[in-house]
Amino acid sequence: MQVLRPTSVTEALALLDASDEDAKIISGGTALMLMLRNGLVFPSGLIALDRIEGLDYIKADEAEIRIGALTTLRTMERSAELQALLPTLTQALGMVANHRVRNRATIAGNVCEADYASDPPSILTTLGCQVRVEGPEGERLIALPELLVDYYETSLEHNELAVEVIIPTPVAGTRTNYLKYVSRSSEDRPCVGVAASLSTDDAGRCRRVNVQIAGATATPFSIQAVLKECEGAEPGKELWEFIARSYAEGIDPIDDVRGSAAYRRRVTRVLVERALREMNDNYVNGATKL
């Protein structure tokens, strides 16, 4: 198996365009190397991104936070800037695997792996994340729900490369939370994870509510009709219970070693209500983190 190591995005795109669809991109390699060892993938070649400079950065302004594709999860976790702007995300990154993995795993690699049991995608979705992609036809921005289409499958063409993750800078009054339940002591992957965000208007009513479920379906799960119905509602116990009940009734979870479908529905209801309640209580009490 041939390993190609481009030194620029332009060179990487040329190699991708010349390769067949069985070639794989490797950045941190924390997931792909396990798949290779276990014979789960058989790439015709690897295009390694480790020699490309300038794709490991965090830049924030009043409008958005831009994170380079090769920025590691550990760098993001420890960034004082992200800890101030996105405390829920940085805390959740600290729950991913271990230090060795987070020191190698990259944000674009994590997102583009499209692993249903990964923590960051659900949180990034609640934050309105987009991924900037470059390819032969130029560049495009893809909202995360449109990028993640199925188990380990994205909407990227085989000759496209994710180069940046973009998150809108949260407006004042935005609150977020992430809770996950791990049913097996031997791993960190969630049986069910719940990412939630809420912003309110000047009257204290819900302007925007977003709840995403991780670990239970092929991609982060939400019910847009329910979230739309919450706009303008009064935050509180009745609303949290309504959302939790709707999600438990609407989700069609997988059935695997981490939990049966029926069990995941019950956990979903409990965690959604708890995540929303804690998020609101912490904000009211002046807490800035989970």
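Owing to the predicted nature of the structure, the values given are computational and were not obtained by experimental measurement.

Undergrad: Outline the pairing of strand β3 (residues 45-48), supporting the account with residue identities and numerical values.
TA: The alternating pattern of β3 places Gly45 and Ile47 and Leu46 and Ala48 on opposite faces, both of which are buried. Two strands pair when backbone bridges link them, and strand β1 (residues 2-4) and β3 are joined in this way by 3 bridges, in the parallel orientation. Directly across from glutamine 2, in β3, lies its bridge partner glycine 45. Of the pairings in the sheet, the one linking strand β2 (residues 24-26) to β3 comprises 3 bridges and is parallel in character. Opposite isoleucine 25, over in β3, you have isoleucine 47 as the bridge partner. The handedness of the β2 to β3 crossover, carried by helix α2 (residues 32-37), is right-handed.

Undergrad: Describe the packing of aromatic side chains, listing the residues and the values that go with them.
TA: What the rule picks out here adds up to 3 aromatic pairs. Consider the rings of tyrosine 116 and tyrosine 151, whose centres lie 5.4 Å apart with planes at 80°: the pair is edge-to-face. Pair noted here: tyrosine 116 is in the loop between α7 (107-113) and α8 (120-126) and tyrosine 151 is in the loop between β8 (148-150) and β9 (153-154), with a separation of 35 residues, a long-range link. Classification of tyrosine 151 by relative accessible area gives partly exposed; the value is 34%. Aromatic pair phenylalanine 221 and tyrosine 247: ring centres 5.8 Å apart, planes at 85°, arrangement edge-to-face. With phenylalanine 221 in the loop between β13 (206-214) and α10 (224-230) and tyrosine 247 in helix α11 (residues 237-250), the pair connects residues that are 26 residues apart, well separated along the chain. Just as phenylalanine 221 is buried, tyrosine 247 falls in that class too.

Undergrad: Which residues make up the sheet that holds strand β7 (residues 138-143), and what are the values?
TA: Spatially, β4-β5-β10-β6-β7 is the arrangement adopted by the 5 strands of the open sheet, whose pairing is antiparallel. Both outer strands of the open sheet, β4 (58-60) and β7, are each paired with one neighbouring strand and no more. Sheet twist, expressed as the mean angle between neighbouring strand axes with direction ignored, is 20°. With 5 bridges connecting them, strand β5 (residues 64-68) and strand β10 (residues 161-168) associate as antiparallel partners. Paired with arginine 66 across the strands is isoleucine 166, a residue of β10. Along the sheet, helix α1 (residues 9-18) makes contact with β6 (130-135) and β10, crossing β10 at roughly 125°.

Undergrad: Mind laying out empty space enclosed by the protein, listing which residues take part and the relevant values?
TA: To find leftover empty space, a probe the size of one water molecule is rolled over the atoms. This structure, assessed with the given rule, holds 1 cavity of 30 Å³ or more. Lining the largest cavity are Ala114, Asp115, Tyr116, Ser118, Pro121, Leu148, Ile213, Ala214, Gly215, Ala218, Thr219 and Pro220.

Undergrad: Could you give me a rundown of α1, with the residues and numbers involved?
TA: Buried residues of α1: Val9, Ala12, Leu13 and Leu16, and no others. Across the axial projection of α1, the buried residues extend over an arc of 100°, all falling on one side. Turned more than 90 degrees off the buried face of α1, the exposed positions are Thr10 and Ala18. Lining the buried residues of α1 we find β2, β3, β6 and β10.

Undergrad: Describe the nonpolar core, naming the residues involved and giving the relevant values.
TA: One finds Ile67 and Ile167 to be the most contacted residues of the largest nonpolar core, which totals 33 residues. Secondary-structure elements contributing two or more residues to this core are β5, α3 (73-78), α5 (87-93), α7, α8, β6, α9 (144-147) and β10. Membership of the second largest hydrophobic core comes to 28 residues, among which are Val194, Val211, Leu227 and Leu271.

Undergrad: Explain the side chain of threonine 217 residue by residue, including any values.
TA: Relative to the helices and strands, threonine 217 is located in the loop between β13 and α10. Residue classification places threonine 217 among the buried positions, given a relative accessible area of 11%. Side-chain polar atoms of threonine 217 contact the backbone oxygen of threonine 219, separated by 2.6 Å. Those residues within four positions of threonine 217 in sequence are excluded, and the remaining contacts are Tyr116, Tyr151, Ile251, Asp252 and Pro253.

Undergrad: Could you give me a rundown of the environment of glycine 128, with the residues and numbers involved?
TA: Mapped onto the elements of the fold, glycine 128 is located in the loop between α8 and β6. A relative accessible area of 31% places glycine 128 in the partly exposed class. Residues glycine 128 and isoleucine 167, 39 residues apart in the sequence, show an inter-C-alpha distance of 6.2 Å. If we skip the residues at most four places from it in the chain, glycine 128 touches Ile166, Pro168 and Arg208.

About the thresholds
Residue numbers run consecutively from 1 along every chain, following the written order of its sequence. Under the rules for a predicted model, residues below a pLDDT of 70 receive no local features and side-chain atom pairs below 80 are neither given nor counted, while totals for whole chains, interfaces and linings still include all residues. Side-chain measures were taken over the full set of non-hydrogen atoms in the model, leaving aside hydrogen atoms and water. Using a 1.4 Å probe on the protein chains alone, a residue whose accessible area is under 20% of its type maximum counts as buried, one over 50% counts as exposed, and one in between counts as partly exposed. Helix and strand assignments come from DSSP, with helices taken as H or I runs of at least 4 residues and strands as E runs of at least 2, each series counted from the N terminus. In this scheme, strands are said to pair when DSSP sees at least two bridges between them. Here is how to tell: hold the view so the strands point away, follow the path from the first strand over the helix to the second, and if it runs clockwise the crossover is right-handed. Working definition: rings of Phe, Tyr and Trp (its six-membered ring) pair if their centres are within 6.5 Å, and the pair is stacked with planes under 30 degrees apart, edge-to-face with planes over 60 apart, and tilted otherwise. Every angle, taken between N-to-C directions, lies between 0 and 180 degrees, and every axis is a line fitted to C-alpha atoms, over only the stretch in contact when it is a helix. Any two residues whose heavy atoms approach within 4.5 Å are treated as being in contact. A 1.4 Å probe that fits but cannot get out identifies a cavity on a 1 Å grid over protein atoms alone, an open set with protein on both sides within 12 Å along at least five of seven lines counts as a pocket, and a residue lines either if it has an atom within 4 Å of a point. Grid points are joined across faces, edges and corners, and a volume is the space filled by probe spheres set on the points. To be clear, the arc concerns the directions from the helix axis to the C-beta atoms. Nine residue types can take part in a nonpolar core, namely buried Ala, Val, Leu, Ile, Met, Phe, Trp, Tyr and Cys, and a core is a set of them joined through side-chain atoms within 4.5 Å. Identification of polar contacts relies on pairs of N or O atoms within 3.5 Å, with a donor-acceptor requirement for protein atoms, meaning one able to donate a hydrogen and the other able to accept it, and with residues adjacent in sequence counted only if both atoms are side-chain atoms.

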